[in-house]
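Residue strings, one per chain:
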Amino acid sequence: MPANITSGLDELVDKVGYNMTMILYQFNHYMDVEKTSLQNISSYINNSSPIGVTVSHPASYAIPLLLIIYVIYSIFLALSAIQVIAILHSGLYLFKDPRKSGIHYPPRTRPFVSIIIPVKNEAMDVIEKVLKNVASLSYPRDKFEAIVVSDDDEEAFSSIEAITMKYSKLYGVRMTAINRKSPIGYKGGAINYAIQFSKGELIMVLDADTEVPPNYLMYAVSYMEAGYDMVGAVYRGRPAIPTTTSKAIKVVYDIFNEIIILGRFLSRQKWGFSMIMGTNFVIRRETLMRVGGICHCTADDMDLSLKVKMSGGRVAVMREVTAISEVTSTYMALKAQNIRWSSNDSIILRRYFRRIIKSDMPIIDKIDILLWLTKYPLLSLGGLSIFISIILSIFGVILPPFYVLALEGINIILLLGFLTLMLAIARKMNYGIMTMIFSLTTMSIMGFSISFAIIYHYIEAMFKDLEWIYTPKGSKAAMRVNGLLMEKALTVIFIMTSIILFILGYYMAFIYSTIGAIIMILTMRRAK
């Protein structure tokens, strides 16, 4: 064999041998790393330090603080996971066969219905629109009436009365307007006052900014004939001012209403608690009188739904019809609305907690009601998580204790499931994926900023009733309500904290704080 061929074969054998040696070395090294990693993970899980894995052992004063933080954070994570599981359970029922409602349509009877429309500080175009909507109902003209009850001053009421008389004559429908001389008791007080002038066997409450389809009353009566005492419908949003902010609010509200209102009812027809939205509902007069009317409080819809439930009544959300209601058009109006809604939950929790616990309701119903009343703080973990991440980074925590890490992992998996559910429902409602992603991102940014105010006012409402927070609608939708004091203060706090953390060398904490500052700045820009 020629020498050059022999030399080439020897060189090839040497290369193959070298490569095989390197492969074996890399494999052995990989196995050592894997073994060490598994040992570290096993050690972390089985012998997890109560303060987790840290860069260096923290000072003695820091250990009790870290333990307190872990306990509070773990409770929030656990309860948040339960909330998301409950929401996922509700959402899955939206994909079940809609033909099994168990009602007879059209209804066999046509009971008289009194439609009560409470108004205060509403734009005249809003009132005109709701009266036109009432006149469009496909229900016998001699079987319903509309009563507009106003808490406005005499000048505004005279305009409301003139509009009401105009449309009553135009459409041949009995419509009257009444003015309360002593407007106390918020919306509930106005409705109770109007009931004195009504004659309906059924009472329908309709917000001025809400529109119902022509067959709404026909389906409501069908549900009443099926044995329900109070019925309502979810609504789709309608922005008064078409901006990117209002469009994002509409999309997310539409999907959330579908899940937490309609889906909740569909999944809890034999157990649990269903909420009727205050924008539109029909209730038997006898049921309303039995539970003492509507409360003189800001949480009128929640209070009434709970009283009907605790009195043994049946509540239903109609799947066959959908209302249209105006959604907020600005960040500040969104904030005001969510503060009111979250505070209402807290007020009802304070007022009814003992009665719920002592009631004869099944334990699963009690738990479900309490879950509903604590949804806002538990689903507002964004702000809390940022602050906790900053504190843990300052104390050099690389990994929290295993039970905290496990709860965080469970929440991430559940939130991914929730995101998947929302995308599926968005597609079902003919919203594009990009529209949904943009809307969810926009609402997440605003929701992070609002979460601080929600938690603050939720806690405040545990000790006292809060005043009604006005949400501007119609031609007044752009009106500025409340202010941005909290947002400005938090922006300054996050920026100053970021600067200090960077100077001190706490770079991970600096990143978390900077993220908080960026989100607040984006919110401030959107608020303008």
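Preceding block: the structure.
Basis of the calculations
Each residue is numbered by its place in its chain's sequence as written, counting from 1. Note on the predicted model: pLDDT of at least 70 is required for a residue's local features to be given, and 80 or more for side-chain atom pairs to be given and counted; whole-chain, interface and lining totals, by contrast, use all residues. Hydrogen atoms and water are omitted, and side-chain values are computed over all heavy atoms in the structure. The classification of residues rests on relative accessible area computed with a 1.4 Å probe and restricted to protein chains. Under 20% of the type maximum is buried, over 50% is exposed, and intermediate values are partly exposed. Here a helix means four or more residues in a row that DSSP labels H or I, a strand means two or more in a row labelled E, and each is numbered from the N terminus. The definition of a right-handed crossover adopted here requires that, viewed with the strands pointing away, the path from the first strand over the helix to the second runs clockwise. Here, strands pair whenever DSSP counts at least two bridges between them. Each axis is a line fitted through C-alpha atoms, and for a helix only the stretch in contact is used; angles between axes span 0 to 180 degrees, taken between their N-to-C directions. Under this scheme an angle from 65 to 115 degrees is roughly perpendicular, one under 35 degrees roughly parallel, and one over 145 degrees roughly antiparallel; angles in between are oblique. Throughout, a crossing is termed right-handed when the near helix is turned clockwise from the far one, and left-handed when it is turned anticlockwise from it by less than a right angle. We call two residues contacting when some pair of their heavy atoms lies within 4.5 Å. For this classification, the nonpolar set comprises Ala, Val, Leu, Ile, Met, Phe, Trp, Tyr, Cys and Pro, the charged set comprises Asp, Glu, Lys and Arg, and every other residue, Gly included, is treated as polar. Aromatic rings from Phe, Tyr and Trp, with only the six-membered ring used for Trp, were paired whenever their centres fell within 6.5 Å, and each pair was classed as stacked if the ring planes differed by under 30 degrees, edge-to-face if by over 60, and tilted otherwise.

(A) Up close: the pairing of strand β3 (residues 144-150). The element β3 is extensively covered by neighbouring structure, given that seven of its seven residues are classed as buried. Side chains Phe144, Ala146, Val148 and Ser150 of β3 all project onto a buried face; the interleaved residues Glu145, Ile147 and Val149 project onto the opposite face, where all are buried too. Taken together, strand β2 (residues 113-119), helix α3 (residues 124-135) and β3 form a β-α-β motif whose crossover is right-handed. Bridge count for β3 against strand β4 (residues 174-179) is six bridges, and the pairing is parallel. Paired with alanine 146 across the bridge in β4 is methionine 175. Taking the sense of rotation as the criterion, the β-α-β connection linking β3, helix α4 (residues 154-171) and β4 turns out right-handed.

(B) Quick peek at the environment of tryptophan 341. Tracing the sequence through the fold places tryptophan 341 in helix α10 (residues 331-358). For tryptophan 341, a relative accessible area of 27% translates into the label partly exposed. Remark: the alpha-carbon pair of tryptophan 341 and alanine 299, spanning 42 residues in sequence, is separated by 7.6 Å.

(C) A look at the pairing of β2. Across the seven residues of β2, seven count as buried, placing the element largely inside the fold. Residues Val113, Ile115, Ile117 and Val119 point to one face of β2 and Ser114, Ile116 and Pro118 to the other, with burial holding for every one of them. Judged from the seven bridges that link them, β2 and β3 form a sheet pairing that is parallel. The partner of valine 113 across the bridge, within β3, is phenylalanine 144.

(D) Representation of the packing of α10 against helix α11 (residues 363-373) within the structure. Running from amino to carboxyl end, α10 crosses α11 at an angle of 165 degrees, the nearest separation of the two axes being 10 Å. It follows that α10 is roughly antiparallel to α11 by the angle criterion. The handedness of the crossing between α10 and α11 comes out as left-handed. For the pair formed by α10 and α11, the contact residues are Asp345, Ile348, Leu349, Phe353, Ile356 and Ile357 on the first element and Lys366, Ile369, Leu370, Trp372 and Leu373 on the second. The class makeup of the residues in the contact of α10 with α11 is nine nonpolar, no polar and two charged.

(E) Layout of the packing of aromatic side chains. Overall, the coordinates contain 15 aromatic pairs when judged by the stated rule. With centroids separated by 5.8 Å and ring planes inclined at 50 degrees, the aromatic side chains of tyrosine 223 and tyrosine 228 adopt a geometry described as tilted. The exposure class of tyrosine 228 is buried, given its relative accessible area of 7%. Seen from their ring centres, phenylalanine 256 and phenylalanine 418 are 5.7 Å apart, and the 80 degrees between their planes marks the pair as edge-to-face. Taken together, the residues phenylalanine 256 in helix α7 (residues 244-267) and phenylalanine 418 in helix α14 (residues 402-428) connect sequence positions 162 residues apart.

Treat this as a map of the structure, not an account of what it does.
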